[in-house]
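Results of the structural survey
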There are 6 protein chains.
Amino acid sequence: MPYVNIKVTREEVTAEQKAGLIKGVTTLLTEILGKNPETTVVVIEEIDTDNWGIGGEPVTVRRRRGQ
Amino acid sequence: MPYVNIKVTREEVTAEQKAGLIKGVTTLLTEILGKNPETTVVVIEEIDTDNWGIGGEPVTVRRRRGQ
Amino acid sequence: MPYVNIKVTREEVTAEQKAGLIKGVTTLLTEILGKNPETTVVVIEEIDTDNWGIGGEPVTVRRRRGQ
Amino acid sequence: MPYVNIKVTREEVTAEQKAGLIKGVTTLLTEILGKNPETTVVVIEEIDTDNWGIGGEPVTVRRRRGQ
Amino acid sequence: MPYVNIKVTREEVTAEQKAGLIKGVTTLLTEILGKNPETTVVVIEEIDTDNWGIGGEPVTVRRRRGQ
Amino acid sequence: MPYVNIKVTREEVTAEQKAGLIKGVTTLLTEILGKNPETTVVVIEEIDTDNWGIGGEPVTVRRRRGQ
């Protein structure tokens, strides 16, 4: 029954990586909290680098500087 | 003044269906909690089936099996 | 499989009202989008009036003025 | 370490405006709460006007009426 | 830089279990997506069973029936 | 009409600081995007330090080490 929301920057995350995250997080919730995987929901949201800020500036700007 | 966030898989939800959800949820909050519809916000987010996991796997995979 | 998050101010919402919201929202998603109620999750979050702002000020301040 | 999520309608928000929001919100959290800007995350989400409801109807419908 | 939000029912989750979830999710994001753990944020929210609905009814009601 | 959610650790944030954040964020959205402050919603959520993870561990553990 848990609900997990993962937000990452949109930078070529593959379907296989997404499936890996979904499987991994669901397993963690089953092993640590005994949750039922059948009703565990994981939602991944990919955010454009213009729309993600850290350190007071967009990731787009940081990537341009090589960060 | 309530804020409602509805997340569903992106599977051809029409503008009419979205309008129906917005109207229905706003009416519920007015009738049950006496909230002012003028400041009730409803945000619908559609999520790609690769990015939505349940039962430890992406919905894309489940759909392929006919689930 | 939908996930719905409802945020309202913490102002004496009863368990019956919460049950009514959960039932009503789940029914809407079944009727309008054909979603399975068994995997529809509704999470209600109650927020202190000091922590909810509208019009640039906390609801606590507005309530004191009778709004 | 704070996390801020800003949701607005998708109506031609420029990269400069987004950068301004990110800088402004991060500065506020530093000045008011003494938070470290280096670990302050700001995520902006733009929502289609069909998917944003207020007053019981989608913003698309309100825009058509000139609201 | 990812942000993860985990919502579970408030049913005696221990500090050790929370630490395990935080460590596990952070490790997954490092291993699968190569994310920097130093800026990976995980927020766990515990929700009262009256406020969590599934199958159209609150978890409180389901727990009373032994579900 | 924007919706802003601010999550911070629960560490003695005063009502005055919350009012400052609400005013500041609302002003930013008015000045940068021309949004109407009357329908701008800001919700602040305070999260226990056991429930907030960064760098793979809870903030509670980091605070004990003086971080």
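This text gives an overview of the structure that appears in the document. Counting restarts for each chain: residues are numbered from 1 in the order of the written sequence. Just so you know, chain letters begin at A and ligand numbers begin at 1, following the order they were written in. For this predicted model, a pLDDT threshold of at least 70 governs which residues receive local features, and a threshold of 80 or more governs which side-chain atom pairs are given and counted, while totals over whole chains, interfaces and linings are taken from all residues. Working from all heavy atoms in the structure, the side-chain values ignore hydrogens and water.

This part is about the overall build of chain A. Only DSSP runs of H or I reaching four residues or more are called helices, and only runs of E reaching two or more are called strands; each is numbered from the N terminus. Across its full length, chain A carries two helices and four strands. For 67 residues, the compact-globule formula gives about 11 Å, and the C-alpha radius of gyration of chain A, at 15 Å, lies well above that figure. Using a 1.4 Å probe on the protein chains alone, a residue whose accessible area is under 20% of its type maximum counts as buried, one over 50% counts as exposed, and one in between counts as partly exposed. Taking all 67 residues of chain A together, 60% fall into the buried category. Should any heavy atoms of two residues lie within 4.5 Å, those residues are considered in contact. In chain A, 62% of the contacts between residues at least 6 apart in sequence involve partners at least 24 apart. As displayed, chain A has an accessible area near 2,700 Å², and 47% of this comes from carbon and sulfur atoms. Positive charges come from Lys and Arg alone, negative charges from Asp and Glu alone, with His and the N- and C-terminal ends not counted. Working definition for charges: the position is that of NZ of Lys, CZ of Arg, CG of Asp or CD of Glu. Computed over 9 positive and 10 negative side-chain charges, the inter-centroid distance for chain A is 5 Å. In this treatment the radius of gyration is a C-alpha quantity, and the globule benchmark scales as 2.2 Å times the residue count to the 0.38 power. Residue-level accessible areas treat just the shown protein chains as cover; the underlying method is Shrake-Rupley with a 1.4 Å probe.

What follows deals with the pairing of strand β2 (residues 41-47) of chain A. Among the seven residues of β2(A), seven are classified as buried, and the element is accordingly described as predominantly covered. Where burial is concerned, the two faces of β2(A) agree: the one with A:V41, A:V43, A:E45 and A:I47 and the one with A:V42, A:I44 and A:E46 are both buried. By definition, two strands form a pair when at least two bridges between them are found by DSSP. Where strand β1 (residues 3-9) of chain A and β2(A) come together, seven bridges link them in parallel fashion. Paired with A:V8 across the two strands is A:E46, which belongs to β2(A). As defined by bridge partners, β2(A) adjoins strand β3 (residues 52-54) of chain B across three bridges and the pair is classed as antiparallel. When the bridges of β3(B) are listed, A:V42 appears paired with B:G53.

Moving on to the relation of the copies chain A and chain E. Mapping chain A onto chain E calls for a screw motion: a turn of 180° about the axis and a shift of 0.0 Å along it, with 0.0 Å RMSD after fitting. The transformation relating the two chain copies, once decomposed into turn and shift, fits a two-fold axis. Taking C-alpha positions as the reference, the residue of chain A nearest the rotation axis is A:N5, at 2.6 Å. The fraction of interface residues of chain A whose copies in chain E are also interface residues reaches 100%, indicating that both copies meet through the same surface. We superpose the copies by least squares over the C-alpha atoms of residues that have a pLDDT of at least 70 in both of them.

Before going further, it helps to spend a moment on the interface of chain B and chain A. With 13 residues of chain B at the contact, the number on the chain A side is 17 residues. Counting each side, the surface lost to burial between chain B and chain A is near 1,100 Å², with a carbon and sulfur contribution of 53%. When a carboxyl oxygen of Asp or Glu is within 4 Å of a side-chain nitrogen of Lys or Arg, the pair counts as a salt bridge. For the pair chain B and chain A, the number of links is one salt bridge. One salt bridge in this structure joins B:K7 and A:E45, with 3.9 Å as the shortest N-O distance. Residue assignment for the side of chain B that touches chain A shows that the elements contributing at least two residues are β2 (41-47), β3 and β4 (57-58) of chain B. When residues of the side of chain B that touches chain A are assigned to their parent elements, the largest contribution, three residues, is made by β3(B). Throughout, the ten residues Ala, Val, Leu, Ile, Met, Phe, Trp, Tyr, Cys and Pro are labelled nonpolar, Asp, Glu, Lys and Arg are labelled charged, and all others, Gly among them, are labelled polar. Within the side of chain B that touches chain A, the residues separate by chemical class into four nonpolar, four polar and five charged. Buried area: the sum, over both parts, of the accessible surface (1.4 Å probe) that disappears when the two are put together.

Glancing now at the pairing of strand β1 (residues 3-9) of chain E. Summarising burial for β1(E): seven of the seven residues are buried, a large majority. Going residue by residue along β1(E), you find E:Y3, E:N5, E:K7 and E:T9 tucked away on one face and E:V4, E:I6 and E:V8 tucked away on the opposite face as well. Where β1(A) and β1(E) come together, five bridges link them in antiparallel fashion. For A:I6, the partnering residue across the bridge sits in β1(E) and is E:V4.

The next subject is the interface of chain A and chain E. Listed per partner, the contact involves 26 residues of chain A and 26 residues of chain E. In total, chain A and chain E occlude about 2,100 Å² of area from one another, counting both sides; carbon and sulfur atoms represent 77% of this. Considering only the side of chain A, the residues that lose the most area to chain E are A:M1, A:I32 and A:L33, jointly responsible for 26% of the buried surface there. Counting the contacts that link chain A with chain E gives zero salt bridges.

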